[in-house]
Amino acid sequence: MAAGNVNPFNLSDSEDEADQRAEDGVHIEKSPSVGTQGPSSNNPFSPQADAEPPALLVSSTRTSPSVEGISVSVAAAAMTVTLAETRVSVDVIAAQLIRDHYILTALEFHTELLESGRELPRLRDYFSNPGNFERQTGTPPACKEQGLGPGGPLNRAGSISTLDSLDFARYSDDGNRESDERVAVLEFELRKAKETIQALRTNLTQAAESDTQERNKNYSSHPETQEPIRPLEKRALNFLVNEYLLKNEYKLSAITFSDENDDQDFELWDDVGLNIPKPPDLLQIYRNCGSALPSPRNTVDVAVGVESGELTGNYITQKSDLLQQQQTEVVEELEYQISLLNEEKQSLADYIKKLQSEIQSLRRTVSPPPHDQGSQPNPPSSSTPPQPLLDNGQYLDIRGASEPDKPPTESTPPTQTISNPTHTSSQPHAKLKSRGTVVFDQPNRKLSPAFQQALLSFCKMSADSRLGAEVSRIADNEESVMLMLGRCLPHIVPNVLLAKREELIPLILCTACLHPEPKERDQLLHILFNLIKRPDDEQRQMILTGCVAFARHVGPTRVEAELLPQCWEQINHKYPERRLLVAEACGALAPYLPKEIRSSLVLSMLQQMLAEDKADMVREAVVKSLAIIMGYIDDPDKYSQGFELMLLSLGDPSERVVSAIHQVFIPAFAAWTTELGNLQTTLIPSLLARIEKLLKQGEHGLDEHKLHMFLSALQSLIPPLFSVVIQNAPFIHRVNLQGDIPPIEVTRFPRPASPLQDIATIVGSRETLSALLILYDYQLEHEGTTGWDSLLWVVNQLLPQLIDIVGRINVASTTCVHEFSRFFWRLCRTFGKIFTNTKVKPQFQEILRLSEENVDALTGNGILTKATVPIYATGVLTCYNQDEDRKLLVGFLEDVMTTLSLSHAPLDSLKASFVELGANPVYHELLLTVLWYGVVHTSALVRCTAARMFELILRGMSEALIDRRVAPALITLCSGPEFSVRISTIPAFGTIMETVTQKELLERVKMQLASFLEDPQYQDQHSLHMEIIRTFGRVGPNAEPRFRDEFVLPHLHKLALGNNVQATESKRIDIATQLFEAYSALSCCFISEELMVNHFLPGLRCLRTDMEQLSPEHEVILSSMIKEGEMKVENRGIGQAEGSVSIAASLVGEDAKTKFLSKMGQLTTSGAMLANVFQRKK
């Protein structure tokens, strides 16, 4: 293409200017030859005679031949062509303004171009280069004959006064114009500093260019070597990388990148420190990497309208070499752009042919519409020229039928063209059915177009408003639909009822998925998360389902960039339902996030919510989401963080959170530690170490809550531990899933707390687990554990350590005994009966050698007095309920009872066993069998122990069983010769009186207790009286009132009266103390006036007599109790007297009372009506 055939002033910077120029009828006058030098002299932008000679601008964009770039390049190539043009491009105007130093005008021009969306590269580069505004010593514009051109520095003014820097006091109306010497000095120092900065920038730029050229030479000769990056290069690349991240919506990455380079300001290119304009972005550099880009320092302005006569010969001679070199570069640039344009032209031509063939084939399938017979013949629709497309072909405008570009005539009916956008061919699933030109019937009338338009204007159609503009055009492809939805949804959502807004979720998600604009997508996702003020469970599930669908559709990058910021914004929302949505979303989106984000940002978000959120349901959801994270995490360094999260959740005060940690988090965390190989080496030993540390610290007071926390975590790890054992067994290679595999017994394993703790789920299927169990039992029974490292760890390390811990806990702590019993029960049931019989029981039996030598009667620290006994009995021996197992349990308890009794050891371990077993009615018969063994034992010590054990198991036992087995056993013990055995039965008799309602049984017990109190042989039995008084004080408040009134209170009175004459002071104080406790407990009960006067108050007075001498502090309390009782008696007497006098009055006033209450019952809740009731009638 010849350069002279193109007018550089004919190319505009926008399609609007080109269209306007075509409408105005502007014609281009082409130059007849290339050899003519200089532009036309009538150019209004022609420079003065003393101006600098023309220079050339080389476009820095090879692969993007935009309208502006072509205009500048062609103008540079045709600078010597004679031109006659009435319209110039904006680039020429900008070049002229900059060359003539109209800086403010150029800046305003640049701002207006930016506001209109047409940024000019020349102005952008000029104003982004700080070197253009550093004031140096130069020549003012009036002295251009010295050779300074537009590329020279700006001329320095003494002190430029701007609106911000004006000192209005200097120009006030009073005429005071005194100069401020300090301001002058500061201005001078400022100028010197700017000159220094400019000199440094110039040196830095020259050094960077020389280094770049040297490295380019070295790279061309030795491309395999690469020098390390320099600080200046690093700052420039950092700026471009940050700009790329922000433009492509990598917000989180940009923030992180900015934080890592906090010594650099990414808002200003000036911070880089070079006197060059900002280079193109990374995308442009990547596209241009195949071509050699000219240095920005080689880019100079294009001179406009300079005639050859205006230039001196001397200057042309000096610049001829430079001009020739620049013209050669321009020609190469133009040839490259021409080749690109030719390729694009060819591809577009091919595509146009393809579209035309499709249109022709579709038109042949559509029959022509019928026409009126009376109308003039119309040309066929296939030959009707289509009207220009409205709205860039993106919409079908319904105004096209009534407002065409050209008014319809009689022979040309109004048509509507359906566009077929080019981009829909790349999406066949969304491709709309192509339609031909729509032809409407035209009436046979002779109305003028103006009249027809005026007539149609009476149709009430509104296309001026926002909604009218949307209604008046119909989208014809997928992208147009998405754009329309993105505009309309923000206006639709606020007007939908809150209860029905979840119906908008599919629409919002589809639009957010497919919308091309990142800002619109961000707004739509913001609407999604704020759609409902306080979403309920069902609404949250719908939103989460949509988020997962969105994540599957767009991929991990957009999930990180678009969905996660929405979660982060609502992490501290005031409504717990919104925070709950965030917590659930983190878990639901975990499988679709990049693994780095999953194990860092999301994990940190959930950890913060777990530690800070006050709502139980939010923390529960956080724990479940953390479990999902643990199921997808693959960074071993995060193990310690996961362990701390587990401990933090276990200590949560909410039962919901603790339940979630056992059901979801611990199984997921255990699965990950199993993959890491840390379950047996790290996780379980860590929990055991914390339990041992807790026992050492709690010698004087054990923290039972923390012990329960750690032990429950160990219990939740039993299924994963068994899975590790069977999946790493020697028989794993012999597993055969072919053939008939017997089903697993229903009671083989304890019921799992959740599906994640089901061993079948952990190993894969129930068939696999069944096959493994068959081989597991066979291996244990016949082949042993040789080479089975995972099982040997359980046998040789875990069990001994657990048994040692059990021996150190306090046997009196019911909670600890119960927790460890449940743990061993689950451990034995999970590992099976063969394992329990061959591995667990022998280790306990070796420690619990049932002999008197194994019990230290003096200190009570023998192994039989520890918690090992109840935990072995209730946690190991009760795992299986067959006859041999029950016999073993009965024999063990009988031996322990006998051994402890004969050695005079404490009975706490035996009591703990009976309490734990007695809580389950299944073991009542078994315990009675053990006690009957003690009842008929030859030793009185054993019989005493048996008598005391009855008291522990009576609560919760059926009355029939008590009547049939307990009462006869107690009466048998009372018939023995030893008083100690008889006394030991009194607490059991008292418990029967407290819990049983059967009259015959109660009478039998009452007779037995009466014999203890009235039989002369027991008159001097001090210990018997102590036990009876203690029992009366314990069971009196809960016993039957008749038993308390007729038996307990009279006998307490007798015992108090007899204690007044007790000669032995120690016995007297013991009885008095027990009586004080009994009367204190009975004072809370209702006591009739007769009993109060005859037994209760006299008994208290006798007790006060003892306390006056033995314990004065108790005497004060007894005096107040006696005074209170006497006042109750006096008040009751007064009340009875008043009651007898008021009987008649009450009968008289009954009618009035009935009327008043009936009227009150008719009232409503209104306070005014209630007040009217008490107003006097007038």
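Because the structure is predicted, anything quoted here is derived from the model rather than measured. (Residues numbered from 1 in each chain as written. Predicted model: local features only at pLDDT ≥ 70, side-chain atom pairs only at ≥ 80, totals over all residues. Heavy atoms only, no water.)

1. Quick word on the side chain of Q566
Piece 1. Within the fold, Q566 resides in helix α17 (residues 556-569).
Piece 2. The exposure class of Q566 is buried, given its relative accessible area of 1%.
Piece 3. A distance of 3.2 Å separates polar atoms of two side chains, one belonging to Q566 and the other to D522.
Piece 4. Not counting residues up to four positions away in its chain, the partners in contact with Q566 are D522, L525, H526 and F529. (Helix = DSSP H or I, 4+ residues; strand = E, 2+ residues; numbered from the N terminus. Buried < 20%, exposed > 50% of the residue type's maximum accessible area, 1.4 Å probe, protein only. Polar contact = N/O pair within 3.5 Å; in protein donor to acceptor, adjacent residues only side chain to side chain. Contact = heavy atoms within 4.5 Å.)

2. Details of the layout of surface pockets
Piece 1. A volume near 640 Å³ is recorded for the second largest pocket.
Piece 2. Lining the second largest pocket are 32 residues, and of these Q715, S716, A753, Q757 and R826 sit closest to its centre.
Piece 3. Secondary structure elements with two or more residues in the lining of the second largest pocket: α23 (655-676), α25 (704-716), α26 (718-727), α28 (766-783) and α30 (814-831).
Piece 4. Per-element tally for the lining of the second largest pocket: the top contributor is α25, with six residues.
Piece 5. Of the residues belonging to the lining of the second largest pocket, the class tally is 14 nonpolar, ten polar and eight charged. (1 Å grid on protein atoms, 1.4 Å probe; cavity = no way out; pocket = protein on both sides within 12 Å on 5 of 7 lines; lining within 4 Å. Points joined across faces, edges and corners; volume = space filled by probe spheres on them. Nonpolar A, V, L, I, M, F, W, Y, C, P; charged D, E, K, R; others polar.)

3. Brief notes about the packing of aromatic side chains
Piece 1. For the structure shown, the criterion picks out 21 aromatic pairs.
Piece 2. Here the aromatic rings of Y639 and F643 are separated by 6.5 Å at their centres, their planes lie at 25°, and the arrangement is stacked. Highlighted residues: Y639 and F643, both in helix α22 (residues 639-650), separated by four residues, approximately one helical turn. Comparing Y639 with F643, the two get one shared label, buried.
Piece 3. Seen from their ring centres, F1032 and F1047 are 5.8 Å apart, and the 85° between their planes marks the pair as edge-to-face. Of this pair, F1032 sits in helix α40 (residues 1022-1035) while F1047 sits in helix α41 (residues 1041-1059), placing them 15 residues apart in sequence.
Piece 4. Assessed through its relative accessible area of 2%, F1032 is described here as buried.
Piece 5. Ring pairing ties together the aromatic residues F722, F731, F749, Y776, W788, F831 and F835, which thus form one cluster. (Phe/Tyr/Trp six-rings, centres within 6.5 Å; stacked < 30°, edge-to-face > 60°.)

4. Thoughts on the pattern of salt bridges
Piece 1. Tallied over the full model, the rule gives 35 salt bridges.
Piece 2. Among the ionic pairs, D613 bridges to R579, the shortest N-O distance being 2.6 Å. Residue D613 is located in the loop between α20 (601-612) and α21 (616-632), and its partner R579 is located in helix α18 (residues 576-589); the two are separated by 34 residues in the primary sequence. As far as burial versus exposure is concerned, D613 and R579 are alike and both buried.
Piece 3. Across the pair E1027 and R1030 runs a salt bridge whose closest N-O atoms are separated by 3.1 Å. One end of the pair is E1027 and the other is R1030, both in helix α40 and three residues apart, which spans about a single turn.
Piece 4. We classify R1030 as partly exposed; its relative accessible area is 38%. (Salt bridge = Lys/Arg side-chain N within 4 Å of Asp/Glu carboxyl O.)

5. So, the nonpolar core
Piece 1. M646, F665, F824, F831, F835 and F950 are the most contacted members of the largest nonpolar core, which totals 228 residues.
Piece 2. The biggest single contributor to this core is α23, with eleven residues.
Piece 3. Every residue in contact with F665, bar those within four places of it in the chain, is listed here: V623, L626, A627, M630, G642, L645, M646 and A660.
Piece 4. Among the nonpolar cores identified, the runner-up in size contains eleven residues, and V90, A94, I103 and Y126 belong to it. (Core = buried A, V, L, I, M, F, W, Y, C linked by side-chain atoms within 4.5 Å.)

6. Details of unusual backbone geometry
Piece 1. With a phi angle near 65°, H101 is a residue other than glycine that sits in the positive phi range.
Piece 2. For H101, the position within the fold is in the loop between α3 (90-99) and α4 (103-115).
Piece 3. Despite not being glycine, E249 has its phi angle at roughly 65°, a positive value.
Piece 4. Mapped onto the elements, E249 comes out in the loop between α7 (231-247) and α8 (251-260).

7. Section: the confidence of the model for the protein chain
For any part of a model where pLDDT is low, the fine detail of the predicted coordinates should not be relied upon.
Piece 1. In this model, the protein chain carries an average pLDDT of 75, and 70% of its residues clear a pLDDT of 70 or more.
Piece 2. Every residue in residues 292-318 is under pLDDT 50, and counting partners more than four places away or in other chains gives 60 contacts.
Piece 3. Ignoring residues within four places in sequence, the model shows residues 1159-1178, a span with pLDDT below 50, making seven contacts including any to other chains. (pLDDT = per-residue confidence, 0-100.)

8. Side note on a nonpolar patch on the surface
Piece 1. A contiguous nonpolar patch, built from L447, F451 and L455 and spanning about 280 Å² of accessible area, is present on the exposed surface.
Piece 2. Examined against the element boundaries, F451 turns out to sit in helix α11 (residues 449-456).
Piece 3. We classify F451 as partly exposed; its relative accessible area is 48%. (Patch = residues over 30% accessible without salt bridge, like charges linked within 9 Å, V, L, I, M, F, W, Y side chains within 5 Å. Areas by Shrake-Rupley, 256 points an atom, 1.4 Å probe, with all protein chains shown as cover.)

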